[in-house]
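# Descriptive analysis of the structure
Chain residues, written in single-letter form:
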Amino acid sequence: MDRRSLIKHAGIAGVLAAGVAPAVHAQAAIRWRLASSFPKSLDTIYGGAEVFAAKVKAMSGGKFEISTHAAGELMPAFGVVDGVQQGTVEVAHTAPYYFFGKDECFALGCAIPFGLNSRQMTAWMYEGNGLKLMREFYARYNMISFPAGNTGAQMGGWYRKEIKNVDDVKGLKFRVGGFAGKVMERLGAVPQNIPGGEIYQALEKGTLDAAEWVGPYDDQKLGFNKVAPFYYYPGWWEGGPQLDVFINQKAFDSLSAENKAIIETAATEALVVMQARYDARNPAALKQLVGGGSKLRPFPADVMNAAFKASLELYEELNQKNEMWKKIYADYSKFRADQNLWFRFTEATFDRFMQSQKL
């Protein structure tokens, strides 16, 4: 009896009993590289890439491994989109708004001044049109996106001098991430977008007058409190900035359905874990900073109002010149209006009451 006849008549149990092994096509191991825009020292934001990669490996039983590389190891912090687009690496983990210079729409996938908070951003992505619209845009760069982190609302940064009114912003050499620089420029500041690992030296040398990063936990690690005394809030330009993993489209398309599902699930875990870490670690760090002499200040009302007005003017100008921006922002802004109406009666009211109590 030949092999085919044996399998047909005996079935798999008979084949095994007869000592004839059926043909098995083992899935080949997959090895990818991930380029991060962040230094390893920041275990929260760089850690998002590590959470993502670890989950991919665990869920695949070690058959799908992604090595993570800090900014500068494989490419510069702001070179990761080019790296994915060109296929130099399969994956990047980054803040999309870093790349607004390529197209302003990148900012909408991360954070814009006076935009969505983190919960609202997640809702727009998964239950609104956010993911669909942003993926349509990112397809122009030969990549697909997956939400993979959020810092929550950020602080407004560190300043060498006190900001008493909007006039104090004029001439301020300010490191600010992403799209906020366009608004600060309208207020008279001189924005500079430099990677996190290079901020301290610039602030220490006086190349910068002020700088923002994320919040107390990261800022304390980076040592900004040692070179600038005033710590302002809130980071009105980053109410809920989302981090993404960008994956080269061809590389993603080559994956099995199972591995595609693993990628999506691992990215979602990174999304949840990153914000949980920031929310858990920021309070103690803020207490330590203030206890160490940092001067905590709210932005003056005229700064907030001027920034809000300038932001809306900028968005309207972009509506006139960038068709993709107009399409995405129309959906984004409607979602934002509905969310703020809802949060006004629930989250905001509850939070204001709780924050007024002695706990």
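### Some words on the overall build of the protein chain
Helix and strand content of the protein chain: 14 helices and 11 strands. Across its three principal axes, the protein chain shows a C-alpha extent of roughly 95 × 45 × 45 Å. Per-residue burial for the protein chain yields a buried fraction of 50% across its 359 residues. For the protein chain, the proportion of contacts with a sequence separation of at least 24, taken over those separated by at least 6, is 76%. As displayed, the protein chain has an accessible area near 16600 Å², and 54% of this comes from carbon and sulfur atoms. Computing the positive centroid from 41 side-chain charges and the negative centroid from 37, the protein chain places the two 3 Å apart.

### Describing the environment of Ser-118
With respect to the helices, strands and loops of the structure, Ser-118 is situated in helix H5 (residues 118-126). Ser-118 gets classed as buried once you look at its relative accessible area, which sits at 9%. Sequence separation between Ser-118 and Asn-165 is 47 residues, and the spatial gap between their C-alpha atoms is 28 Å. Discounting residues that sit within four places of it in the chain, Ser-118 has contacts with Asn-150, Gly-152, Gly-239, Gly-240 and Gln-275. Within the structure, the side chain of Ser-118 is placed 3.0 Å from the side chain of Gln-275, a separation counted as a polar contact.

### Quick notes on the sheet that holds strand S8 (residues 210-211)
Ordered by their spatial adjacency, 6 strands build an open sheet running S7-S6-S8-S5-S9-S11, and the pairing between neighbours is mixed. Strands with a single pairing partner mark the edges of an open sheet, and in this sheet they are strand S7 (190-192) and strand S11 (295-298).

### Quick look at the environment of Ala-58
Mapped onto the secondary structure, Ala-58 falls in helix H2 (residues 47-59). Expressed as a C-alpha distance, the spacing of Ala-58 and Gly-171, which sit 113 residues apart in the sequence, is 51 Å.

### As for the pattern of salt bridges
Tallying each qualifying case throughout the model produces 16 salt bridges. Taking the shortest distance from any N to any O, the salt bridge between Lys-55 and Glu-269 comes out at 3.4 Å. With Lys-55 in helix H2 and Glu-269 in helix H11 (residues 257-291), this pair connects stretches of sequence that are 214 residues apart. The partly exposed category is assigned to Lys-55, whose relative accessible area is 27%. Classification of Glu-269 by relative accessible area gives partly exposed; the value is 31%. Between Lys-309 and Glu-313 there is a salt bridge whose closest N-O contact spans 2.7 Å. Residue Lys-309 and its partner Glu-313 are both found in helix H12 (residues 301-321); the two are separated by 4 residues, about one turn of the helix. On the accessibility criterion, Lys-309 (53% relative accessible area) is exposed. Through salt bridges that share partners, Arg-31, Lys-57 and Glu-65 make up one connected network.

### Comments concerning the pairing of strand S10 (residues 242-248)
Burial of S10 is extensive: 7 of the 7 residues sit out of reach of the surface. Burial along S10 is two-sided: the face carrying Gln-242, Asp-244, Phe-246 and Asn-248 and the face carrying Leu-243, Val-245 and Ile-247 are both buried. One ladder, built from 4 bridges, connects strand S3 (residues 91-94) with S10; its direction is antiparallel. In the strand pairing of S10, Ala-92 is matched with Phe-246. Summarising the sheet, strand S4 (residues 143-150) and S10 pair through 6 bridges and their orientation is antiparallel. Its bridge partner lying in S10, Pro-147 is registered against Asp-244.

### A short note on H5
Every α-helix carries 3.6 residues per turn, so stepping three or four residues along brings you back to the same face. Among all positions in H5, only Ser-118, Gln-120, Met-121, Trp-124 and Met-125 are buried. One face of H5 carries all of its buried residues, which in axial projection span an arc of 160°. Against the buried residues of H5 lie helix H4 (105-108), helix H6 (130-138), S4, S10, H11 and helix H13 (323-345).

### Quick look at the pairing of strand S1 (residues 30-36)
Burial of S1 is extensive: 5 of the 7 residues sit out of reach of the surface. Of the pairings in the sheet, the one linking S1 to strand S2 (residues 64-69) comprises 6 bridges and is parallel in character. Bridging across to S2, Arg-33 finds its partner in Ser-67. Between S1 and its parallel partner S2, the chain crosses via H2, and the hand of that crossover is right-handed. The pairing of S1 with S3 spans 3 bridges and is classified as parallel. Bridging from a neighbouring strand, Leu-34 pairs with Val-91 of S3.

Rules used in this analysis
Residues numbered from 1 in each chain as written. Predicted model: local features only at pLDDT ≥ 70, side-chain atom pairs only at ≥ 80, totals over all residues. Heavy atoms only, no water. Helix = DSSP H or I, 4+ residues; strand = E, 2+ residues; numbered from the N terminus. Buried < 20%, exposed > 50% of the residue type's maximum accessible area, 1.4 Å probe, protein only. Contact = heavy atoms within 4.5 Å. Areas by Shrake-Rupley, 256 points an atom, 1.4 Å probe, with all protein chains shown as cover. Lys, Arg positive; Asp, Glu negative; His and termini not counted. Charge placed at Lys NZ, Arg CZ, Asp CG, Glu CD. Polar contact = N/O pair within 3.5 Å; in protein donor to acceptor, adjacent residues only side chain to side chain. Pairing = 2+ DSSP bridges. Salt bridge = Lys/Arg side-chain N within 4 Å of Asp/Glu carboxyl O. Arc of directions from axis to C-beta. Right-handed = clockwise from strand over helix to strand, strands pointing away.

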